[in-house]
Every structure is written in structure tokens, then in C-alpha cells.
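Overview (structure and organization)
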Amino acid sequence: MAITLPAGFEDMLPAEARFYHDFVETAQRIFATYGYQPIITPQVEVTELFVRGIGEATDVVSKEMFTAISGENLGTLLGGGRIKSKSRLTLRPEGTAGVVRAVVEHDLVPQGAAPAKLMYAGPMFRAERPQKGRLRQFNQIGIECLGAEAPSVDAEGIIMLMRFFAELGIPSESMVLLVNSMGCEKCRPAYRDAVRAYMDDHADGLCDQCNERAQINPLRAFDCKNPSCEKIMDAAPKITDYLCDECREHYTAVLAYVSAAGIAYVEDPKLVRGLDYYTRTVFEVQALDSNSAQNAIGGGGRYDKLAQEVGGRDTPGFGFALGFERCRIALEAAGRSIADAPSCTVFVATVDDSLKTQAFDLVQRLRDAGIPADTNHQDRSLKSQLKLANRLQARYVAVLGPDELAEGMVTVRDMVEHTERAVPFAEAQRVLI
Ligand code: HAM
């Protein structure tokens, strides 16, 4: 039986792969105008980074991590021994923790320095139940800004993300930007206690998991999809009623900058996001027409305590990530399809096999001149070569025939204009197009 991909993993075939590269390039171009520089961190980190950074009680850490035991440690495990947590490695479920680790490890934000503005693109891994828009390996583009806590950082990040979505072609009316503030270590504990007390009062109507959550991390219950829990949590205390003065001021300033940029948003006091590192601003962009339960195309927020959590000095941070595959779904819903692109501009065909060497010489000259070119590498008649040129969407076909070549000429067909002309073989790379 043929071996196939495991569920939740996808191949990107050429049209999709090309679209992905354009997608990343577009993000790099736009984000660079806001001062973001690329960073590439490994796809694997020590497990403890995610446990400490993202939070043990989150679904991502408690249920969805692909954790690898290296061969060296496997013997210990099979022998019934315990493996030190630092020697366990995990495929990154998201990019923020790794970037913050790198910033701390390389001291990219020394005291008094300008903020480090970093962007990344690449695969993330979560062992979730696969469905449309929910993969086990998916691609994110993300940014992180470390070293500044001003609300203008949050606002420009949100504005930049919406700019990117607009440039991609996702219509503004088919997405919604949700914004909230999670407060800080000063005001959140009282809020958490209020939610816990409220959940205890409504324990009968909550699912078992939410009753458990009430004790460990009550805010996670806002993400529960159980209809009875959703109804109860709709009426739970709102964080906005508990924000301290500094957090309220910060939140108001973020909203003011975003409004001034002409970007519509909806305040959602139930938006808590699935990762524990957030403080103050959180936001999410949801696609409205994607016909998929997995409609969050991007999201992020502020994480002022994360650098300390992973062992660095106090460094405020803000960032977001967007999902490539979900943006694709949103673009499809907006009627945008990804067409196959031509794989060559000029196809060099031969009337018979005796001219293969000359054809090989001409394609090389065309390529050296920067013209995408290809020729026949199989056993094909001229007719079949012309069909192939059509399939490759070649604009021109150069047909090498013994008689023309004897006169130093080659026939060039324009496949769009349906015209033909003869050009000098020796000069073809310069005069053919
Ligand atoms: P996140 O909301 O977990 O945030 O993921 C960001 C985006 O990745 C989502 O909005 C979604 O588009 C995509 N995504 C997440 N999980 C999947 C999946 N299983 N399949 C397909 N796409 C998925 C973060 O990861 C944070 N690190 C964002 C951030 C950066 N916060 C601060 N800085």
C-alpha cells in the first residue's frame, strides 16, 4: 500500500508553495516599513520553555505539544527511568516563546536600547484534532516587539496586521477585529477570583472541564464551546470592570490610536486567548465568511512578564501571529483562487533528436540571460513537445529545425499572438523576446 501523510499534515504543491512564498514576501515588505527585521529560531526548543512561557494549564501545553525524546534518552525511558525535563525537546507550538528566549539569550534589548522588532515565518506544530483550518503542522507569520510598553506599539502592530490582510485581498467586511485588555498582575488576580466565585455559583451548569478550570485557570472557561458553559460565561464578570487605572489608560490609548487609523474594531470582554502569557492588550481577527469553525486568522497581544518568566530581565513585549492556511481559506471564501503560473517563458523544441545538443545550448544561454526556459528531456515528437510547451504555459516556443539551423536561424512562435518569425540562433537569447 502506498504510504500517505498522517492526518493534520499537508503538502504544499507548487502553486500553493509559490503563493506561500509571495505571502511571506508581502508580509516582509510591509512589516519592514514598520521597522521589523527577520529572525529565524529553531523549530525545536526545550520543553520547559513552553511549559513556563505558555503556561502548564493551557490546552497547547497540556494536550497539544509534540514532545520528542531523543534516542540518547530513550533507553532511560524504556528502562523505567525519569528523563530530566531540560532534556525533553518539543516541536514549537508557536513562535513567541522561542523569539523571547533568543532575545534574552543574545541580549538583543540591552538596558536603554531601542525596542527589538522581529518577524518570523515558518511551521508550528500542535497535536490538535485535525479539521478544516486546523492542522497539526501549520504556518505562521509573526512579529514580536520587545523593550517598549507604550500603547503605540500595540496599536501600530494591530494596524500593520490589518494592512497586511487588506493587501492580501481579504475584504474588510469579511473580517472582524476583536480587542480586549487582560489587565496586569496587579488587577487580574481580583478579576480571576471574581470569575472563580461566579463559576462556583454556577457549577451545576458548567461542564466537568470548566469546573476543573475554575480551580486552576478560570479564564480558560471563556474559550469553552459547550453551549451551556458559553451561556453562563456570557454573564460572567467582565475584565473591563476590574482594570486598574494604568491598564485602563493603556487600553484606552491603544483603542484611540487604532480608531484614528480608521480601523474598525469590536471590544470583546470575553476574549482571553489560549496562551497564558498575555497582559493588557489582546486581540484577534476572525474571518466571517470562511464557513469554518476555525475562523481566527490572526491574533496576539502584550506579554510584559514573559521575558522574566523565561529567565531574562523585565522586558515588556507585544506581538501577533497569523495563520497562512486560514488566510488561504478566507481568500478562497472571498473568491480568490490560486492559479498555476507559467513554469517557463521560452520552450525550446526540436524537429528531431539530432538537434538536442543545440537545444541544450540555447536553453542555457536563455537562462544565463535571466529568461525562464526549458526544453524536452523525454522521447517526444514535435507535436507532443508543442503540447508540453502549452501545458507549461510557455509564451514562446523556439523550434530548432535542421534547415533553419544550417542557415544559422531558429523559428520562434508567439503562443499568445499566434505569430512566427525567424531569429539568428547565435543571438537568440538577446533578440528572442
Ligand atoms: P495563536 O492565536 O495561538 O497565537 O495562533 C495565531 C494564529 O495561528 C491563529 O490565529 C491561526 O490563524 C493560526 N493557527 C493556530 N493554530 C492553528 C492550527 N492548529 N491550524 C492552523 N492554523 C492555526 C499564537 O500563536 C501567539 N504566539 C501569537 C502571538 C505572538 N502573541 C504574541 N506574539
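Structure first, text after, so check above.
Model, not experiment: these values are computed from the prediction. (Residues numbered from 1 in each chain as written. Predicted model: local features only at pLDDT ≥ 70, side-chain atom pairs only at ≥ 80, totals over all residues. Heavy atoms only, no water.)

**Some points on the packing of helix α6 (residues 151–168) against helix α10 (residues 245–260)**
One way to put it is that α6 packs onto α10 with a least axis distance of 8 Å and a crossing angle of 40 degrees. On the basis of their axis angle, the class for α6 and α10 is oblique. In this structure, the crossing between α6 and α10 has a hand that is right-handed. Residue-level contacts link Pro-151, Ser-152, Asp-154, Ala-155, Ile-158 and Ile-159 of α6 to His-250, Ala-253, Val-254, Tyr-257 and Val-258 of α10. Looking at side-chain class alone, the contact of α6 with α10 contains eight nonpolar, two polar and one charged residues. (Axes fitted to C-alpha atoms, helices over the stretch in contact; angles between N-to-C directions. Helix = DSSP H or I, 4+ residues; strand = E, 2+ residues; numbered from the N terminus. Parallel < 35°, antiparallel > 145°, perpendicular 65-115°, else oblique. Left-handed = near helix turned anticlockwise from the far one by under 90°. Contact = heavy atoms within 4.5 Å. Nonpolar A, V, L, I, M, F, W, Y, C, P; charged D, E, K, R; others polar.)

**A look at the sheet that holds strand β1 (residues 37–38)**
Spatial strand order, β1-β5-β6-β11-β10-β9-β7-β8: eight strands in an open sheet with mixed pairing. At either margin of the open sheet sits one strand with a lone partner, and together these are β1 and β8 (266–267). Here strand β6 (residues 137–146) runs beside strand β11 (residues 317–323); their pairing, made up of seven bridges, is antiparallel. Note on β11: the bridge partner recorded for Ile-141 is Leu-322. (Pairing = 2+ DSSP bridges.)

**Some points on helix α5 (residues 96–105)**
An α-helical turn contains 3.6 residues, so any two residues separated by three or four positions project in the same direction. Counting buried residues in α5 gives eight out of ten residues, a clear majority hidden from the surface. Those residues of α5 that sit buried are Thr-96, Ala-97, Gly-98, Val-99, Val-100, Arg-101, Ala-102 and Val-103. Those residues of α5 that are buried are in contact with β2 (44–46), α2 (47–54), β5 (116–125), β6 and α11 (306–309). After α5 finishes, the residue Asp-107 shows a positive phi value of roughly 45 degrees. (Buried < 20%, exposed > 50% of the residue type's maximum accessible area, 1.4 Å probe, protein only.)

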